[in-house]
Amino acid sequence: MSEPLPAYPVASATAATITLADGQELTDGMASWWCAIHGYNVAELNEAAAAQLEKMSHVMFGGLTHEPAVELGKRLVDISPQGLNRVFLADSGSVSVEVAMKMAVQYQQARAKRGRTKFLTFRGGYHGDTTGPMSVCDPEGGMHSLFNGFLPVHRFFRKPPPGFTAPMEEAYLEELRMFFADYAHTAAAFICEPVVQGAGGMYFYNPDYLSVLKSLCEEHGLLLIFDEIATGFGRTGKLFAAGHAGLTPDILCLGKALTGGYLTLAATLCTDQVAEVIGRSQAKVLMHGPTFMANPLACAIACASIDLLLRSNWAERITLLSKHLALHLRPAAQLPLVKDVRVLGGIGVIETHRPVRVAEIQAFFVAQGVWIRPFGRLIYLMPPYVVTEAEVEKLCSVMVAACGRVEFFAGEK
Ligand SMILES: *Cc1c(COP(=O)(O)O)cnc(C)c1O
């Protein structure tokens with residue numbers, strides 16, 4: 001870093017409040033990059049962590065197994081889309097995507113489709129920062145040019161037209177079918193973030209496109225991978241975004257909110273069929289085994305987090321949060337610097353015409369007592385589900401105020 005932006009030292013955090021070292025309190029609009037869904041310092045999660053620490057914080061997961069992993073596996077199979085019965089536990093979202101990609105390649109190899117090593121995906125996606133995921137991130141917004149020559153080259157198709165409720169465009173579908181006709185025979189899988197593209201642009205599209213993708217994948221012998229690392233555990237109003245389309249992908253990646261934001265843990269789920277084909281391969285097993293696979297401490301907290309979520313009227317909460325975000329962000333739509341205001345589930349987005357000046361707008365937010373971290377032309381909220389309406393109103397009004405001030409935006413795009 002040659003020109004580091006300021007960083008604010010944090011002393012503690014509770015519920016939806018982050019307390020800085022100098023005593024200032026910030027209302028949290030980010031859930032720490034979308035993972036702290038229950039807020040901070042959550043009694044149930046603290047207890048689960050403490051109880052597990054007394055037993056063991058870690059043992060290797062080769063030749064040994066333990067209750068927290070077994071319990072977490074059961075819960076994930078129970079709550080995820082019907083048919084995803086196999087669970088691989090990994091140590092971060094990016095690694096769960098690596099695992100999903102390796103599953104798809106091994107699956108095709110086992111079916112003697114060795115040439116199928118490419119991936120198809122939408123432009124505008126984000127799947128993580130390690131090599132495999134980076135190679136399927138948006139080629140312009142991602143790091144492709146920086147790592148050109150190092151990254152494997154995959155096939156990108158224009159993302160679906162915008163709007164969760166926008167009608168399907170037949171011309172788009174026709175092009176998508178042609179894209180499959182051209183490239184599917186080289187590909188192991190299609191990977192995408194269902195319904196909401198997160199870090200790639202906080203972008204929403206009609207879930208019906210996913211049903212078309214699913215049938216195209218079936219027709220062409222590709223697996224369908226949903227990366228629900230951002231959308232999983234209720235954020236979009238369904239427990240999983242796949243639920244908006246009522247379908248089951250072949251492989252599903254989960255992370256971020258899995259432990260309620262306490263520890264790094266991720267999961268890659270797949271169908272029996274995918275697992276059985278890989279099991280019949282020469283290797284007989286999925287070739288991946290991280291040191292901290294199924295870390296007991298993280299698994300115990302993840303179980304407690306899922307139990308807490310399921311007990312919490314999460315669906316009603318998200319419906320209300322959505323209503324409040326829409327109501328209190330609405331005034332931004334009138335502002336000349338604002339291009340679009342959109343809300344889906346617990347996600348509220350203001351897209352501006354010009355990029356934000358992060359250091360300046362961040363200092364304003366902190367001075368106003370909120371924690372919001374914009375990027376590019378996007379100022380957004382993904383708060384913990386426990387925020388009160390008053391807190392949502394405060395977050396939104398500060399965001400709207402910032403969008404009225406030209407000094408927080410760069411000159412030209
Ligand atoms: C955050 C994110 C990842 C990467 O997860 P890490 O835990 O940061 O490695 C992958 N895909 C999506 C959709 C994400 O939002």
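Residues numbered from 1 in each chain as written. Predicted model: local features only at pLDDT ≥ 70, side-chain atom pairs only at ≥ 80, totals over all residues. Heavy atoms only, no water.

## Some thoughts on the overall build of the chain
- In terms of helices and strands, the chain carries 13 helices and 16 strands.
- Here the chain has a C-alpha radius of gyration of 21 Å; the compact-globule value for 413 residues is 22 Å, and the two agree.
- With the C-alpha coordinates of the chain rotated into their principal frame, the extents come out at 60 × 60 × 45 Å.
- Out of the 413 residues in the chain, the part that is buried amounts to 54%.
- Considering only intrachain contacts with a sequence separation of at least 6, the fraction spanning at least 24 residues in the chain is 73%.
- Surface exposure of the chain reaches about 17,600 Å², of which carbon and sulfur atoms provide 55%.
- If you average the places of the 34 positive and of the 39 negative side-chain charges in the chain, the two averages end up 5 Å apart. (Helix = DSSP H or I, 4+ residues; strand = E, 2+ residues; numbered from the N terminus. Rg over C-alpha atoms; globule rule 2.2 N^0.38 Å. Buried < 20%, exposed > 50% of the residue type's maximum accessible area, 1.4 Å probe, protein only. Contact = heavy atoms within 4.5 Å. Areas by Shrake-Rupley, 256 points an atom, 1.4 Å probe, with all protein chains shown as cover. Lys, Arg positive; Asp, Glu negative; His and termini not counted. Charge placed at Lys NZ, Arg CZ, Asp CG, Glu CD.)

## Some details on unusual backbone geometry
- A positive phi is found at Val195, a non-glycine position, where the angle reads about 70°.
- Relative to the helices and strands, Val195 is located in the loop between strand 7 (187-192) and strand 8 (196-197).
- We note that Phe233 has phi near 65°; this positive angle belongs to a residue other than glycine.
- Within the element layout of this structure, Phe233 appears in the loop between strand 10 (223-227) and helix 8 (242-245).

## Some details on the packing of helix 11 (residues 314-329) against helix 13 (residues 389-402)
- Contact geometry of helix 11 with helix 13 gives a least axis separation of 9 Å together with a crossing angle of 35°. Note that helix 11 runs across helix 13; the crossing there is right-handed. Only Glu389, Val392, Glu393, Cys396, Met399 and Val400 of helix 13 make contact with helix 11, whose side of the interface consists of Leu321, His324, Leu325, Leu327, His328 and Leu329.
- Looking at the contact of helix 11 with helix 13 residue by residue, the classes come out as eight nonpolar, two polar and two charged. (Axes fitted to C-alpha atoms, helices over the stretch in contact; angles between N-to-C directions. Left-handed = near helix turned anticlockwise from the far one by under 90°. Nonpolar A, V, L, I, M, F, W, Y, C, P; charged D, E, K, R; others polar.)

## Re the site of the ligand
- The immediate surroundings of the ligand are formed by Trp34, Ser92, Gly93, Ser94, Tyr126, His127, Gly128, Glu193, Asp227, Ile229, Ala230 and Lys256.
- Take Ser94: an N or O atom from its side chain is 2.6 Å from an oxygen atom of the ligand.
- The side chain of Lys256 places a nitrogen or oxygen atom 2.6 Å from an oxygen atom of the ligand.
- Notes on the ligand: free accessible area 380 Å², of which the protein chains cover 82%.
- Per-class residue counts for the shell around the ligand are four nonpolar, five polar and three charged. (Near = heavy atom within 4 Å. Polar contact = N/O pair within 3.5 Å; in protein donor to acceptor, adjacent residues only side chain to side chain.)

## A closer look at the nonpolar core
- By size, the foremost hydrophobic cluster in this structure holds 121 residues, and its most contacted members are Leu72, Leu76, Phe180, Phe190 and Phe233.
- For this core, the element with the highest residue contribution is helix 4 (residues 93-110), accounting for eight residues.
- The two domains that each donate at least three residues to this core are domain 1 (10-30 + 314-406) and domain 2 (45-311).
- Beyond its immediate sequence surroundings of up to four residues, Phe190 is in contact with Leu120, Thr121, Phe122, Phe179, Phe180, Leu213, Cys217, Leu222, Leu223, Leu224 and Ile225.
- In terms of nonpolar packing, the next biggest core, distinct from the first, is built from eight residues, Leu45, Ala49, Leu297 and Ala304 among them. (Core = buried A, V, L, I, M, F, W, Y, C linked by side-chain atoms within 4.5 Å. Domains from an automatic or database assignment.)

## A short note on the UniProt feature "binding site: pyridoxal 5'-phosphate" (unreviewed entry) in the chain
- Under the UniProt annotation, the feature "binding site: pyridoxal 5'-phosphate" (unreviewed entry) is placed at Gly93, Ser94, Asp227, Pro290 and Thr291. Spatial dispersion of the annotated residues is evident: they stretch over 199 residues in sequence, and the largest pairwise C-alpha distance comes to 22.9 Å.
- With respect to the secondary-structure elements, Ser94 resides in helix 4.
- Excluding its chain neighbours within four sequence positions, the residues that come into contact with Ser94 are His127, Gly128, Asp129, Thr130 and Pro133.
- Assignment of secondary structure puts Pro290 in the loop between helix 9 (272-279) and helix 10 (296-311).
- For Pro290, a relative accessible area of 16% puts it in the buried group.
- Leaving out residues up to four positions away in the same chain, Pro290 has contacts with Phe88 and Asp91. (UniProt positions renumbered as here; feature names shortened; annotations may be inferred.)

## Some remarks on the pairing of strand 13 (residues 338-344)
- Pairing of strand 13 with strand 14 (residues 347-352) involves six bridges; the strand directions are antiparallel. Of the residues in strand 14, the one forming a bridge with Asp340 is Glu351.
- The turn joining strand 13 and strand 14, which pair antiparallel and follow one another in sequence, is formed by two residues; a positive phi near 55° is taken by Gly345. (Pairing = 2+ DSSP bridges.)

## Overview of the pattern of salt bridges
- Within the structure shown, the criterion is met by 15 salt bridges.
- The residue Glu140 makes a salt bridge to Arg123 at a minimum N-O spacing of 3.4 Å. Taken as a pair, Glu140 in the loop between helix 5 (131-136) and strand 6 (155-157) and Arg123 in the loop between strand 5 (118-122) and helix 5 lie far apart in primary sequence, 17 residues in all.
- By relative accessible area, which is 68% here, Glu140 ends up exposed.
- For Arg123, a relative accessible area of 32% corresponds to the partly exposed category.
- We note a salt bridge from Glu175 to Arg158, for which the minimum N-O separation is 3.1 Å. Residue Glu175 is located in helix 6 (residues 170-183), and its partner Arg158 is located in the loop between strand 6 and helix 6; the two are separated by 17 residues in the primary sequence.
- Taking the relative accessible area as the measure of exposure, Glu175 reaches 34% and is therefore partly exposed. (Salt bridge = Lys/Arg side-chain N within 4 Å of Asp/Glu carboxyl O.)

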